[in-house]
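# Inside the fold
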Amino acid sequence: MKNINFLAFAMPAFFLFLFLEYKLAQRKKRPEIFNYESSVSNISIGIAERLINLFIAASFYQLYYFIYDNYRIFEIPKNAFIWFALILATDFVWYWYHRLGHEVNFFWAAHIVHHHSEEFNFTAAARITTFQAIIRTGFWCVLPFIGFHPSMVITMLIVHGAYSFFTHTQLIGKIKWLEYVFVTPSVHGVHHASDEKYLDKNYGDMFTFWDRIFGTFQTEEEKPKYGLTHPLKSYSFLWQHFHYYFEIYELWKRSSGFKARWKAVFGSPADMDQDIRPILEKRFLQDKASPNQRLRFKNYLYIQLGICTLILTIFTYYFDYLESYDKIFVLSLVILTLINCGALLEQRKWIYYLEYARLAMISTYFLYEKDLIVFFFVPIAILIFIEQLFSLSKIYQNTILQLEPVE
């Protein structure tokens, strides 16, 4: 993939701005802006999206070029006026992608992850899933189809994404005169709110005039309450990604007839049966077990997220030079670690076996690298022996899974 190495610096830049936001929140005595569990969950989802997108981003770009080369309607030149037109067109397409993402169950299943967080800061901007990126790409294909050159489209999407990142913060208040044209953190904060008056408002990403034209604009009045109207009772990495697909399937099973089942998939999220999620959470044991307690050994989570970020940065930079098995190993290792982080937040005792799986995966990879894969059973045998000798599971649970009261 050409010209992708610069993306290696996206995660370090993200953490730099996050650190600045955190320190500024401390200086302004706004500790409520950050929540430990929610921030870890947000960052985990962001790391996964950046990682998986490395494997598919090239396909997105190739699709843009394919559509442009074979199906473009107009021959649009490159000049300053066209760049301005592309900014407007990009945000217009975003408005309708975003609005449908809230009005159609199938699209909402991909987008809902972005709205799980009950905090509103730069970490919330990271809550983008690969499913959402794929759906979004389908909408972006309109731009090369019209005749905008793919290189312009790709550049504009980067600018568009960077702008939206900075609208996820509470440290910038209302700027009323600017909100007549541009989306500000206050405007976008309304979109993330679960208050009745704020629901399904402010879909624009850069400009507010699309919302004003189509009747979905709402200025901030009372302080928003962020998150979903029916909050998710889990920090599980996997459950956060897939729970709404399960809800759609459950509604589909309950429905009879083609029309009802079509509505289950492509109907409005407002019509989703509200008893489905609690039933599924109970069935899959995803309830938060200790709402008034949290993990005491936070540094272990920080270390894992730090290692994942470092791996992602290096992996992105050298992506083109790696073999397929290297890529599969890194993908598997990071995803397993992120699943582990979510399980740690919920104090799931089975995560101890994930630790074993991760160690087995790492040892198998290095044995394969040294052409010693026939000895893959040796590190597994050693792990089993050490477990029997020292009862590591008890040590792990007594050390890593210690809890402390939430202040």
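Bear in mind the structure is a predicted one, so any value in this text is a computation, not a measurement.

With that settled, consider the UniProt feature "domain: Fatty acid hydroxylase" (unreviewed entry) in the chain. Residues given the UniProt feature "domain: Fatty acid hydroxylase" (unreviewed entry) here are residues 84-216. Strand forms 0% of residues 84-216 and helix 57%; the C-alpha atoms that close the span are 24 Å apart.

Below, the discussion takes up the domain arrangement of the chain. Often the size quoted for an interface is simply the accessible area lost on bringing the parts together. Domain assignment breaks the chain into domain 1 (6-214), domain 2 (237-285) and domain 3 (293-405). Between the C-alpha centres of domain 1 and domain 2 the distance comes to 26 Å. With 18 residues of domain 1 at the interface, the matching set in domain 2 holds 17 residues. Carbon and sulfur atoms make up 65% of the surface buried where domain 1 meets domain 2, a total of about 1400 Å² over both sides. In this structure, the connection of domain 1 to domain 2 is made through 0 salt bridges. Scanning the region where domain 1 abuts domain 2 turns up 7 residue pairs in polar contact (both at pLDDT 80 or more). Of all elements in the fold, only α2 (36-71), α3 (80-103) and α4 (105-111) reach the threshold of two or more residues within the side of domain 1 that touches domain 2. Residue contributions to the side of domain 1 that touches domain 2 peak at 5 residues, all from α4. Within the side of domain 1 that touches domain 2, the residues separate by chemical class into 10 nonpolar, 6 polar and 2 charged.

A few words on the UniProt feature "transmembrane region" (unreviewed entry) in the chain. In the numbering used here, UniProt assigns the "transmembrane region" (unreviewed entry) feature to residues 51-68, 80-97, 146-166, 300-319, 325-345 and 374-392. The span residues 325-345 is 100% helix and 0% strand, and its two end C-alpha atoms sit 30 Å from each other. Regarding residues 374-392, the helix share stands at 79% and the strand share at 0%, and the terminal C-alpha atoms are separated by 27 Å.

Turning our eyes to something else, we now look at the layout of surface pockets. Within this model, the largest pocket holds a volume of roughly 1300 Å³. Looking at the lining of the largest pocket element by element, the count peaks at 9 residues for α2. Classifying every residue of the lining of the largest pocket gives 28 nonpolar, 14 polar and 4 charged. When residues of the lining of the largest pocket are assigned to domains, at least three fall in each of domain 1 (6-214) and domain 3 (293-405).

For the rest of this paragraph, the subject is unusual backbone geometry. A positive phi angle, near 55 degrees, is found at K29, a position not held by glycine. Along the chain, K29 falls in the loop between α1 (10-27) and α2. Phi is positive for D371, which is not a glycine, with a value near 60 degrees. Mapped onto the elements of the fold, D371 is located in the loop between α16 (351-369) and α17 (377-390). Given a relative accessible area of 66%, D371 falls into the exposed group.

So, how was this worked out
- Every residue gets a number counted from 1 within its own chain, in the order that chain's sequence is written.
- Per-residue local features of the predicted model are confined to residues with pLDDT of at least 70, and side-chain atom pairs are confined, for both listing and counting, to 80 or more; whole-chain, interface and lining totals are unaffected and use all residues.
- Computation of side-chain values: all heavy atoms of the structure, hydrogens and water removed.
- UniProt positions are given in the numbering used here, feature names are shortened, and annotations may be inferred rather than shown by experiment.
- Numbering of helices and strands starts at the N terminus; helices are DSSP runs of H or I of at least 4 residues and strands are runs of E of at least 2.
- Here the bounds of each domain stem from an automatic or database domain assignment.
- Whether two residues touch is decided by their heavy atoms; if any such pair falls within 4.5 Å, the residues are in contact.
- Two parts lose some accessible area (1.4 Å probe) when they are put together, and adding that loss for both gives the buried area.
- Salt bridge, as applied in this entry: a Lys or Arg side-chain nitrogen positioned within 4 Å of an Asp or Glu carboxyl oxygen.
- Contacts described as polar in this section are N or O atom pairs within 3.5 Å, which, within protein, must combine one atom able to donate a hydrogen with one able to accept it, while residues neighboring in sequence count only if both atoms come from side chains.
- The nonpolar class holds Ala, Val, Leu, Ile, Met, Phe, Trp, Tyr, Cys and Pro. Asp, Glu, Lys and Arg form the charged class, and all remaining residues, Gly among them, are polar.
- Computed over the protein atoms alone on a 1 Å grid, cavities are sets of points where a 1.4 Å probe fits but cannot get out and pockets are open sets with protein on both sides within 12 Å along at least five of seven lines; a residue lines them when it has an atom within 4 Å of a point.
- Grid points are joined across faces, edges and corners, and a volume is the space filled by probe spheres set on the points.
- Burial classes: relative accessible area under 20% of the type maximum marks a residue as buried, over 50% as exposed, and values in between as partly exposed (1.4 Å probe, protein chains only).

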